[in-house]
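Examining the three-dimensional arrangement
The chain contents come next:
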Amino acid sequence: AFAWLDFPGRDWLFIGVIGLLVVPLQMALIPMFKLYDTFGLFDTVLGIILFHAAFGTQFAIFLLRNFFAGLPKDILESARIDGANEIRIFLRLILPLGLPAIASLAIFQFLWTWNDLLVALTFGQNTTPITVWIAGQLREFGTSIDIIAPASFISLIVPLAVFFAFQRYFVQGLLAGSVK
């Protein structure tokens, strides 16, 4: 919508969304803690997922808007002339063309979520991601490197697998919205 649709206040709304990028994650921890406690989302996997989705949305809008704004409108118009409706244009044209940007966004969001110890420690007491478990082993065993080092190495395997799975799209997606 920010890339193609003209609606009143579009630019101001986009500036507001981009302005939310500068809000530090730590500012929202106490209000979100109270909100999660009210709605029963504290210490659930869903609560952690919703928190990361809420704080990743601004970057997603920024990255994808810049990419989709760079797509030529002639392709969309020719698809409409050929009789394609908006859903077909989106599924058959926009998504395949946007795959590099979407893959880059997926890598960034996964790595930010995977490495986020603060949110996992704040909102998850019984739902323990591997980073929290490794930090707990450090507290429990002190300098027991024979447990911490292999666990850190194992926790590295998953992000590397995600990166190598999307590697061919990564550079394309990073450069996609930067140059017209």
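1. Section: the confidence of the model for the chain
- Of the residues in the chain, 88% have a pLDDT of 70 or more, and the chain-wide mean is 82.
- At the level of individual helices and strands, the chain shows its lowest average pLDDT in helix H10 (residues 167-176), which scores 64, and its highest in helix H1 (residues 10-19), which scores 91.

2. A short note on the pattern of salt bridges
- All told, the structure shown has three salt bridges when counted by the stated rule.
- A salt bridge links Arg10 to Asp6; its shortest N-O distance comes to 3.3 Å.
- In this structure, Glu86 and Arg80 form a salt bridge, with 2.8 Å as the shortest nitrogen-oxygen distance.
- Relative accessible area serves as the criterion here: at 49%, Glu86 is assigned to the partly exposed category.
- Here Arg80 falls in the partly exposed class, since its relative accessible area comes to 41%.
- Linked through salt bridges whose partners overlap, the residues forming this network are Asp6, Arg10 and Asp11.

3. Quick look at the packing of helix H6 (residues 99-114) against helix H9 (residues 145-165)
- The contact between H6 and H9 brings their axes to 10 Å, and the two run at 170°. Classified by the angle their axes make, H6 and H9 are roughly antiparallel. Touching Ile107, Phe110, Leu111 and Trp114 of H6 are Ser155, Val158, Pro159, Val162 and Phe163, all from H9.
- In terms of residue class, the contact of H6 with H9 is made up of eight nonpolar, one polar and no charged.

4. As for the nonpolar core
- Ranked by internal contacts, the top residues of the largest apolar core, which has 14 residues, are Leu64, Phe67, Phe68, Leu71, Ile89, Ile94 and Leu105.
- Looking at this core, the elements with two or more residues in it are helix H3 (45-69), helix H4 (73-81), helix H5 (86-97) and H6.
- The element best represented in this core is H3, accounting for six residues.
- Setting aside anything within four residues of it in sequence, one finds Ile89 in contact with Leu76, Ala79, Arg80, Ala84 and Ile94.
- Of all hydrophobic cores here, the second largest spans nine residues; its members include Leu29, Phe51, Val119 and Phe123.

Rules of the game
- Residues numbered from 1 in each chain as written.
- Predicted model: local features only at pLDDT ≥ 70, side-chain atom pairs only at ≥ 80, totals over all residues.
- Heavy atoms only, no water.
- pLDDT = per-residue confidence, 0-100.
- Helix = DSSP H or I, 4+ residues; strand = E, 2+ residues; numbered from the N terminus.
- Salt bridge = Lys/Arg side-chain N within 4 Å of Asp/Glu carboxyl O.
- Buried < 20%, exposed > 50% of the residue type's maximum accessible area, 1.4 Å probe, protein only.
- Axes fitted to C-alpha atoms, helices over the stretch in contact; angles between N-to-C directions.
- Parallel < 35°, antiparallel > 145°, perpendicular 65-115°, else oblique.
- Contact = heavy atoms within 4.5 Å.
- Nonpolar A, V, L, I, M, F, W, Y, C, P; charged D, E, K, R; others polar.
- Core = buried A, V, L, I, M, F, W, Y, C linked by side-chain atoms within 4.5 Å.

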